[in-house]
Amino acid sequence: MERPRRAGPRSCSPSPGAGMPPRRQGIPVRTSSLPLFSDAMPAPTQLFFPLIRNCELSRIYGTACYCHHKHLCCSPPYIAQNRLRYTPHPAYATFCRPRENWWQYTQGRRYASTPQKFYLTPPQVNSILKANEYSFKVPEFDGKNVSSILGFDSNQLPANAPIEDRRSAATCLQTRGMLLGVFDGHAGCACSQAVSERLFYYIAVSLLPHETLLEIENAVESGRALLPILQWHKHPNDYFSKEASKLYFNSLRTYWQELIDLNTGESADIDVKEALINAFKRLDNDISLEAQVGDPNSFLNYLVLRVAFSGATACVAHVDGVDLHVANTGDSRAMLGVQEEDGSWSAVTLSNDHNAQNERELERLKLEHPKNEAKSVVKQDRLLGLLMPFRAFGDVKFKWSIDLQKRVIESGPDQLNDNEYTKFIPPNYHTPPYLTAEPEVTYHRLRPQDKFLVLATDGLWETMHRQDVVRIVGEYLTGMHQQQPIAVGGYKVTLGQMHGLLTERRAKMSSVFEDQNAATHLIRHAVGNNEFGAVDHERLSKMLSLPEELARMYRDDITIIVVQFNSHVVGAYQNQEQ
Amino acid sequence: MLYRLLSIVQRQRTSPGWQTWSSARNSTSVAESHSITLPAQAQVVICGGGILGTSVAYHLSKMGWQDIVLLEQGRLAAGSTRFCAGILSTARHSSIEQKMADYSNKLYSQLEQETGIQTGYLRTGSISLAQTQDRLISLKRINSRLNVVGIPSEIISPKKVAELHPLLNVHDLVGAMHVPEDAVVSSADVALALASAASQNGVQIYDKTSVLHVLTKKGQVTGVETDKGQIECQYFVNCAGQWAYELGLSNEEPVSIPLHACEHFYLLTRPRETPLQSNTPTIVDADGRIYIRNWQGGILSGGFEKNPKPIFTEGKNQLEIQNLREDWDHFEPLLSSLLRRMPVLETLEILKLVNCPETFTPDMKCIMGESPVVQGYFVLAGMNSAGLSLGGGAGKFLAEWMVYGYPTENVWELDLQRFGALQSSRTFLRHRVMEVMPLMYDLKVPRWDFQTGRQLRTSPLYDRLDAQGARWMEKHGFERPKYFVPPNKDLLALEQSKTFYKPDWFDIVESEVKCCKEAVCVIDMSSFTKFEITSTGDQALESLQYLFSNDLDVPVGHIVHTGMLNECGGYENDCSIARLNKRSFFMISPTDQQVHCWAWLNKYMPKDSNLLLEDVTWKYTALNLIGPRAVDVLSELSYAPMTPDHFPTLFCKEMSVGYANGIRVMSMTHTGEPGFMLYIPIEYALHVYNEVMSVGQKYGIRNAGYYALRSLRIEKFFAFWGQDLNTLTTPLECGGESRVKLEKGIDFIGRDALLQQKQNGVYKRLAMFILDDHDTDLDLWPWWGEPIYRNGKYAGKTTSSAYSYTLERHVCLGYVHNFSEDNGEEQVVTADFINRGEYEIDIAGHRFQAKAKLYPVTSFFTHKRRKDDVELSDFHGK
């Protein structure tokens, strides 16, 4: 109990008090029902019962807050008391986390409602769910560039405040194809924010042919207008940091200058897989370098340090015609929705999670480090007992040598110096780096039966099975666009049977039509599904009305991008090549 | 030709009807190769081989016209006609449609005998169900109208319904109407039989021939361009069904035929184990939105859903035709309704869900008649899914129209000329038919206003009036105020004024009427059609004297009420004409006359470049100042004496009102009340309105609407064209003798007919009926179309009605006939005949006693404006 419990759930400090393996996430949704949970935590969960009057509630809530502040550094007494009946969740640490001591929070969009409001009306629920939804349709009549992508829907639901997930989508303008990615930050959102802004530029530059790079460089050199590289598709809430853009640009320019210099003259075809790997590694390298070099501007100096000391996973898809590449670093996931001939849906995973559940990753880590570290390198399913994803951007604590870390922190600004987390060196830290941003790239050739791709952070995959995800999205999309009309042709159907069938279909449709966005629809299911796999409004309402401090215990940030493919175009490509 | 036709018939008979519907639709059968060449010329070319085209051909040939060509782009009877549900129902809301359906029924029933072609005609009868009391009232109204024209029908109890139809669930019914002579028939076979009979009479029929466009010269049809060559012709008949709109637009001078198709679904089942008897009556469950008929031992059931699917908005679209497929999800509400009505059908096996687009029009009435822009271009289309029921009668009326120049019945409400180009927008049509199609089975209550396609034409005062609580109705696209809701009234409740009884605006209109009687009201009447006729010499006067029955050679500044008559002396228009100066006239006609009157004038006025006819409707805003204090308001605003000595009634003068000059002030109000009409150039409209309202304040001025106007004009026995007057009524039949100057020295159109009528006497007479034992609060209100009984015998129908706040009674206008006791023939109606009768008005089966009047009673009731009255009310210090 001597060590402060301050880390977020992702980079959780070792909890010596807990003898049992820590549960991965605070999502009792599937594993335990809410009433059971309420046994364990009398005060906060009573918040969910509307019978209590407002005044009583504020009293209870006040008590909870009191606990929160008073027991900064030790687990609340009632958890200890109930430990026999309920395993406290590591995520619970969030609840007692002293916010003022953490990174400076930028004021993000906050949805946690006041504790007095326990049941949200359906419109309120919808406004929460839809606040971040975004849809992009590839223009239909762009004759010269027939895209295999119809469009995409994306959305995110925060659990952290502010949300640590990020998403990006852009069309490459100098090469063909579209880039889509989800980024799950930990220990703050600085790294995921930076990666979401920068990674696609690195990828786009890696994909550019030599001549185009030269053209761009010449343009910069002579102060001419630059060729646009990316067309972003952003939700208004997806922001880019203005202050750092100059810095970021310079790093990017250095990258392409090196690419130009490295060019051997032969215009070899650019390999997308290689380009993706290079871009990931280069960006991570730049993040690390920027933090080591620092910046004369104190704000920027602090920013680059925050970026480097926080971390982010990335799962990026590059779609060009029938060529689909998925580059993944960490535990977000890309899932392909395939419609079988009988109309049913099956899921094809296009990425491997880089975490303790992945044997090959465990193997890799053990090989990369001396034998004597075999036991300490992964402990309690976490890297060095701390970090859940085994690959990530940033997180220099797991990459730099101890000397470098100390030097940077000492020379860094006071905020950094005062921060316990950054100062804290992981245990058994002998042979850094322990962490890499190198992605695993999967290639898939699209087929007409591949209807959509779901990119989502682990917040989704923890709550829903991939098969369910694909089925729900598949049914949603067909319900919206291509619902198979019923045809009687030849079958013996009675009026009664038809009536039953139609009534059922209508019931299904009415829930589908609540959402205009596949990602929103998926989040609705992820958060609101009851044990029967149907959206339960009461549950949805409870989950969404959790106070900010509690939300992270029940769910993680969820970010989803659903990319819909144009089967006709994909089919045409196929025929063309045959 | 006949042989070829019959072979088609035979081939179709052997094919199992609906089961090959999809193949029929895409049929490219080339059994008969087309070596046949079209004739170079014909008198009439009919486009469309559906039930309407064949019916027109059949009737034209029956009337002795020989030189007729019928062109069909696909095969005969292969469009909507083929997929029609085959129900012939005479239970219709409008009496003209009722007559057409009745005629169709009689025609189809003997067609098999006449032509030898089986039509599948079967007199099954029909039962219209009522789930609510309001629906039952609606049925009772139809029932009493059916009875008086000799179509047997009765209102029956749910128990009786169960006896007539064994499968029906009747527990939620309050009653029903049984029409035993309604029938089912195969519409495709009817069309083929009609075609065959026409062919025998010499009509030449060509299928697989498309009309590309119609050739015209100087506004007259000269020929038809087809994909197989040209045909010269005098008359063209557009019976192209849902393609009629496109065909009309394809003309060099577009003919606007406002109609739009919606998908329509019906269900066919396999036979029941114990097949339904072939004479099982057809069921119409309007509250459940469905119809059900017996079909080959199983059932055929369709309906008019609340959420129609409009189709072919962008014209004929091959993709949409191919995509016409069963949409079960869309049909689900109707299927639920069907199973609720006939629960035993659950186990019945589905054969097919048929999707056959039907055509709808902006006012749910079909379109027939001659184009206002191209002479000889006739149209019969837009049947609102009643093509089979109306087809026979509609074909007959159109044939009469072409042969005799007039149909034998008044068909104004179906006349193409009730629409103009303004109803021709695709967006408007698409939106409007989405409202019209559900309306098929909605309850039809009095004073219905369409909700879609509104605010198209508005007066410049629209926003001003709307802000003051105006509630609007629409006529010919123009928004007109119905009444003004006072600020303290509950608005929501007012919108729900759909009732057959006393409506909730009763008190509001009462106060408006009272204000018209006692003080002064202003009504925006800008929608009225306004024409100006000017000439360099006397041409204007001469042509108007020929066109109008009254003497227009009056001193400058006088206004003349006059009819515009046809050869038979019937009213083509009833208007007021002001002589602005020696050589120019200002003509005011009803709103919906804009197209018809224009076409009529153009047809009969000499083509003379020195004679100018101009439509100035849009140039003037019209304000009607009604009431005894109107004179005070105007004289204060114009500093001109407005007393009757200086400004006699029916007088017109250009003067200044407020700052605005050039306002045409006319001393008439269209109601018989004292007051003035102001015709204001639109840029002055707001100014004049503001001035009138502010000056009028001390005289108690307020806004009023058309409901008040209506009450005022009906109690004064002012007949309105389009409601009380039509092309079959002459001035002599409606007390308009004073508006006819037979001896004005000019042989005006219709003079001969009037002279003869004057000699022989009239066969019907417009009278005013004051309901005696009618309780305004509790009894059903009269609307129009109620049968009139004289001495217990049917004598005619009402044409309009209103509550008179002065008489505190309901007043109906209606025609009284004198049907002979022996053979039902019409006999002369004299004033004495009217006066000596005991009258009753039948409202939904309940007869109310009524007093008939030939002259307005108002003179006995309304007090003349007296000097001391004015003084007294001034004392109240308004």
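Everything here concerns the structure above.
Okay, so let's go over this structure.

Conventions adopted
Residues numbered from 1 in each chain as written. Chains lettered and ligands numbered in written order. Predicted model: local features only at pLDDT ≥ 70, side-chain atom pairs only at ≥ 80, totals over all residues. Heavy atoms only, no water. Salt bridge = Lys/Arg side-chain N within 4 Å of Asp/Glu carboxyl O. Helix = DSSP H or I, 4+ residues; strand = E, 2+ residues; numbered from the N terminus. Buried < 20%, exposed > 50% of the residue type's maximum accessible area, 1.4 Å probe, protein only. Expected span 1.5 Å × (residues − 1). Phe/Tyr/Trp six-rings, centres within 6.5 Å; stacked < 30°, edge-to-face > 60°. Lys NZ or Arg CZ within 6 Å of the ring centre and 35° of its normal. Contact = heavy atoms within 4.5 Å. Buried area = accessible area lost by both parts, 1.4 Å probe. Polar contact = N/O pair within 3.5 Å; in protein donor to acceptor, adjacent residues only side chain to side chain. Nonpolar A, V, L, I, M, F, W, Y, C, P; charged D, E, K, R; others polar.

## With respect to the pattern of salt bridges
(1) Moving on: A full pass over the atoms with the stated rule returns 60 salt bridges over all chains.
(2) Moving on: Taking the shortest distance from any N to any O, the salt bridge between Arg391(A) and Glu361(A) comes out at 2.9 Å. With Arg391(A) in the loop between strand S11 (382-383) and strand S12 (393-394) and Glu361(A) in helix H13 (residues 359-368), this residue pair connects regions lying 30 residues apart in the sequence. Like Arg391(A), the residue Glu361(A) is buried in the burial classification.
(3) Moving on: For Arg751(B), the salt bridge is made with Glu743(B), and the minimal N-O distance between the two is 3.6 Å.
(4) Moving on: On the basis of relative accessibility, which here comes to 18%, the residue Arg751(B) falls in the buried class.
(5) Moving on: Several salt bridges converge on common partners, so that one network encompasses Glu361(A), Arg364(A), Glu368(A) and Arg391(A).

## Observations regarding helix H3 (residues 51-62) of chain B
Residue and element names in this part refer to chain B.
(1) Moving on: Given a rise of 1.5 Å per residue, 12 residues ought to cover 16 Å, and the 16 Å separating the end C-alpha atoms of H3 matches this to within 8%.
(2) Moving on: Most of H3 sits out of view: 11 of its 12 residues are buried.
(3) Moving on: Listing the buried residues of H3 in full gives Ile51, Leu52, Gly53, Thr54, Ser55, Val56, Ala57, Tyr58, His59, Leu60 and Ser61.
(4) Moving on: Positive backbone phi, at 105°, marks glycine 64, one or two positions downstream of H3.

## A word on the packing of aromatic side chains
(1) Moving on: Throughout the structure, instances matching the rule amount to 42 aromatic pairs over all chains.
(2) Moving on: Among the aromatic residues, those joined into a ring-pair cluster are Tyr483(B), Trp505(B), Phe506(B), Tyr707(B), Trp781(B), Tyr803(B) and Tyr805(B).
(3) Moving on: The aromatic ring of Tyr302(A) is capped on one face by Arg306(A), whose charged end is 5.2 Å from the ring centroid.
(4) Moving on: The ring of Tyr706(B) carries the charged tip of Arg480(B) above its face, separated from the ring centre by 4.0 Å.

## Focus: the interface of chain A and chain B
Frequently, the measure chosen for interface size is the accessible area removed from exposure when the parts meet.
(1) Moving on: On the side of chain B, 16 residues touch chain A, which itself brings 15 residues to the contact.
(2) Moving on: Around 1,500 Å² of area is buried between chain A and chain B when both sides are counted, 62% of it from carbon and sulfur atoms.
(3) Moving on: When the buried area of chain A at its contact with chain B is split by residue, Leu495(A), His499(A) and Leu502(A) rank highest and sum to 43% of it.
(4) Moving on: Here chain A and chain B share zero salt bridges between them.
(5) Moving on: Along the contact surface separating chain A from chain B lie six residue pairs in polar contact (both at pLDDT 80 or more).
(6) Moving on: Taken together, the residues of the side of chain A that touches chain B break down into eight nonpolar, four polar and three charged.

## Observations concerning the side chain of Ser168(A)
All names here are of chain A.
(1) Moving on: For serine 168, the position within the fold is in strand S3 (residues 165-172).
(2) Moving on: Note on serine 168: relative accessible area 7%, which makes it buried.
(3) Moving on: Within the structure, the side chain of serine 168 is placed 2.8 Å from the backbone oxygen of serine 196, a separation counted as a polar contact.
(4) Moving on: Not counting residues within four places of it along the chain, the set of residues in contact with serine 168 comprises Leu179, Leu180, Gly181, Phe183, Ser196, Phe200, Trp232 and Ile561.

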